[in-house]
Structures are given as C-alpha cells and as structure tokens.
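# Architecture at a glance
Letter by letter, the chains look like this.
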Amino acid sequence: MDHEQAVPPRFLAEPLAARGAEIGTGLARRAQYNVGQACLKPAVLLAVDGPGFDELRDAARAEVAKTAARTMLTPGIHDAYTGNVRRMQDNGATRIGAGGAPATAWEGQLLVYEVTGEQLLAEPAMHEEVFGPFVLLVRLTGSDQLREVARGFRGQLSASLHAEVSDHAIAQELLPILERRTGRIVINNFSMPQEVSHASVHTGPFPATSDSRFTSVGMSAIERFLRPVTYQNFPDELLPESLRETNPLHVWRLVDGELTRD
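A few words on the overall build of the chain. The helix and strand tally for the chain stands at 6 helices and 10 strands. Along the first, second and third principal axes, the C-alpha set of the chain runs to 70 × 50 × 30 Å. Burial analysis of the chain (262 residues in total) assigns 42% to the buried set. The long-range share in the chain, meaning contacts at least 24 apart out of those at least 6 apart in sequence, stands at 65%.

To continue, consider the sheet that holds strand β1 (residues 44-48). Read from one edge to the other, the open sheet built from 4 strands follows the order β1-β6-β5-β3, with strand pairing classed as mixed. The sheet is open, and its two edges are formed by β1 and β3 (94-98), each paired on a single side. Looking at each pair of strands side by side, their axes are set apart by 25 degrees on average, direction ignored. With 4 bridges joining them, β3 and strand β5 (residues 111-116) adopt antiparallel strand pairing. When the sheet's bridge partners are listed, Arg-95 is paired in β5 with Tyr-113. Against the sheet, helix α2 (residues 53-65) makes contact with β1, β3, β5 and β6 (134-140), and its axis sits at roughly 165 degrees relative to β6, the strand it touches most. Taken strand by strand, helix α5 (residues 143-151) contacts β1 and β6, and its axis lies near 140 degrees from that of β6.

Next up on the list: the packing of α5 against helix α6 (residues 168-179). Look at α5 against α6: their axes get within 10 Å of each other, and the N-to-C directions meet at 15 degrees. Classified by the angle their axes make, α5 and α6 are roughly parallel. α6 is crossed by α5, and the crossing has right-handed handedness. Here Leu-146, Arg-147, Ala-150 and Arg-151 of α5 lie close against α6, whose contacting residues are Ile-170, Glu-173, Leu-174 and Ile-177. Among the residues making up the contact of α5 with α6, the classes are represented as 5 nonpolar, no polar and 3 charged.

Each value, and the rule that gives it
- Residues numbered from 1 in each chain as written.
- Predicted model: local features only at pLDDT ≥ 70, side-chain atom pairs only at ≥ 80, totals over all residues.
- Heavy atoms only, no water.
- Helix = DSSP H or I, 4+ residues; strand = E, 2+ residues; numbered from the N terminus.
- Buried < 20%, exposed > 50% of the residue type's maximum accessible area, 1.4 Å probe, protein only.
- Contact = heavy atoms within 4.5 Å.
- Pairing = 2+ DSSP bridges.
- Axes fitted to C-alpha atoms, helices over the stretch in contact; angles between N-to-C directions.
- Parallel < 35°, antiparallel > 145°, perpendicular 65-115°, else oblique.
- Left-handed = near helix turned anticlockwise from the far one by under 90°.
- Nonpolar A, V, L, I, M, F, W, Y, C, P; charged D, E, K, R; others polar.

Below, the structure written as structure tokens:
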C-alpha cells in the first residue's frame, strides 16, 4: 500500500519513488512461491499513481515474464484458478504481464492484472483473492482513495505496508483500518512462510479464518484441536496428573486465576 506526503498528496511517495522497481520485483517473486498456493502470497497491491509507479509495474512484468508455468496441487485448484482469472477479466481487469504459457495440463501461469481504484470500488467481486499465481495491481488516485479501497476488504491473513519514517504519521491513520481486517501487518517487506514459534500468528477476521482467535501454526495452534472438559467433584486420584492437587508433573497452571507451578 502507498502513503501520502503533504503536498502533493501521494501515499508512500518516498518508498515508491525510491524503490518502486524493487517492490515490483519482490511482489512478483513472492507471488510465484509454491505456484501462488502459499497462504501468505501477496494477492492485491494498492499503489498511488505517481513517481515510481511505472517502475514498479515494469519491474513486476519483467520478473513475471521470466517465470515458467508449474503444476498446481490438484486439478480442482487449477480449474478454480483459471475460473477466477476469467472472473477478473469479465469484471474489467486488464492483463499487463504473464509468465511462460502452460505446456501440460494443470500448470498455473503467473499473471499480473491491473485495475483502477474506481473499478475496484465499483465491483466488490474484485476484492476476492485469486488463489494461485495471480496478482492484481490497483492504480489509485491518492491517499483518500487508498483508505476507501482498504475499507472495502474483508478479513485477510496478512497486509504489507511500505513506508519511510516521514510516512509514519499518515501510516498511523491507515493502521486502524488494517488492524480490523488482518491478523498480521508487515512493514517494508512481503509476508513470508512462518517459523513455528510463540509469536506465530496465521489467522485473521472472517473469511480469512472461521475464528480469528486461533492460529493454524505456532505454539498456540493446538488450541484449535482441543475441547475443554470440566472435572467436577472428582477425587484427586481420578484426575489427570496435570490437574491433581500436588501437580506431580510440575506444569504451569492457572489456579484461581493465578499462574503457578505449585
């Protein structure tokens, strides 16, 4: 997403002007990871028309052109991919870049399409991700349109924001919009496959996940697969060891709201 300066209004004008080509190349490379079938693949890029926009666009097209089509996971996923690409075309998206053409059945071709902010606002179906090696570049008129477009998105797993220090004030205006629509916000990078850790979050508001409290990776993912059971009026010897009064396993427990190993 892009950022604005005071005059003229341009969202993230400095990073786009300074490294638009770098952002475009990174976008194309991330979009082809696992033939676009990675959960955190960038799907839509919002950028305000201005210095650096054409460089971003041209770099993405050049990187995409070097990419060969590769086999997708299942025939069904491939069919859904090609169907969703047609949906984007039918709604007015213009193809601006393509990788190598498929040589065999079920190969996914990396594609970049472009729309204007007005088109995206007029056709909500374009907000829906195309699962696979596809990126939609949205050319915006300014920061007001960026905020309006961002508010139109439903739940997402991740959102990336490219910003310089001078952009922080306006970025703070955008963050509340993103926080309500995603479980992960990345600055000056694109989301990458996650390392399993206590900080792992791989969730977001619906429809990104069915319940945004639970992640599918990381140390807290086990909560998705647990069902709570209450043991009432049990003698100590019938309780699981981790619940017994003496805590023979010395595990951390909440007892009357206090965390303890006693």
